[in-house]
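Chain by chain, the residues run as shown.
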Amino acid sequence: MAISAHADEIGIYSFLGTLGDKIPVFLRFAVNDDDIAVGEIIYTKHNISIMVVGGVLNDDGWYYLNEYQPDGTITGMMTFKIESNENERVSLTNGTWRDPKTDTVYQMKDFEDEEDAQYGVFNVTDYLDYADPEDIGSYYAYSVWNSNSQSMVGGHVKFSKAGKYLLNFEVCNAPGGIAEFKNDPNRPAVLGKYTYNWFTYENVNECGYGFSAHFFKKFVVLKSMTGNETLGCFGSGAAADGVYIKKN
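Residues numbered from 1 in each chain as written. Predicted model: local features only at pLDDT ≥ 70, side-chain atom pairs only at ≥ 80, totals over all residues. Heavy atoms only, no water.

### As for the environment of C233
- Inspection of the secondary structure assignment puts C233 in the loop between β16 (219-224) and β17 (242-246).
- Once the C-alpha coordinates of C233 and V144 are considered, the two residues, 89 residues apart in sequence, prove to be 23 Å apart.
- With residues up to four places along the chain from it excluded, the contact list for C233 reads C207 and Y209. (Helix = DSSP H or I, 4+ residues; strand = E, 2+ residues; numbered from the N terminus. Contact = heavy atoms within 4.5 Å.)

### Some remarks on the pairing of strand β12 (residues 179-182)
- Of the two faces of β12, only the one carrying A179 and F181 is buried; E180 and K182 on the other face are not.
- Here strand β11 (residues 166-174) runs beside β12; their pairing, made up of four bridges, is antiparallel. Across the sheet, V171 pairs through a bridge with F181, a residue of β12.
- Two successive antiparallel strands, β11 and β12, enclose a turn made up of four residues. (Buried < 20%, exposed > 50% of the residue type's maximum accessible area, 1.4 Å probe, protein only. Pairing = 2+ DSSP bridges.)

### Focus: unusual backbone geometry
- The residue Q150 is not glycine, and still its phi comes out positive at about 55°.
- Here Q150 lies in the loop between β9 (139-146) and β10 (151-163).
- Located in the positive-phi region is Y196, a residue other than glycine, with phi close to 60°.
- Secondary-structure assignment places Y196 in the loop between β13 (189-190) and β14 (198-204).

### Overview of the nonpolar core
- Of all hydrophobic cores here, the largest spans 45 residues; its most connected members are F181, F199 and F215.
- Other than its neighbours up to four places away in sequence, F215 contacts Y130, A131, I136, Y140, F159, L167, L191, N197, W198, F199 and V220.
- Of all hydrophobic cores here, the second largest spans 22 residues; its members include L19, V31, F80 and I82. (Core = buried A, V, L, I, M, F, W, Y, C linked by side-chain atoms within 4.5 Å.)

Next up, the structure:
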């Protein structure tokens, strides 16, 4: 019996607007109670749909979303603020979209709330479907262009079963500095009770670093749980944080 479900949604947003003056887009995404945002951006002129994943940046209404191709390549990076007016309508402001490879930047202009707009055929919350334990993949990865090295960099994570609701993991995340670690051989990760599609893991490699993993149908999100006190674990402020697309 499948035990996965939608993550608890705390907001669903839909906007029509333009990147710059000439690129019309429709953006819709849902946010769950882990501050993970998931949805799609549709380039309406050519009806091209791309999955976006990101999250909440702070308590002032700032969000980020990255475009992920099916192979895990990030092709666009957005930051913006969502505000509500006196009529309880929301607006997207101060938004920018950037191509990480060309460094082309577009202002996100005239993004108006379009709650009833219909584009594509899917329900945005479908992206928030958690994975069943048996659907957790063995390999997840992403990549993004690094202007300093003039090459694609990124990260990957491997999982293997260590028992019922137990997982071994190996993480290598190197968008800048390198965070590379795995679980203690005698201490696999334990999937959370009731839903079994997340885990937390503390004291990685005895350096005090801790992170969480949140498994969805198409990807896994790794998030640091510790702060500045563990920035020296891997050098150059590296950490596990990222969205890793399921490969197999």
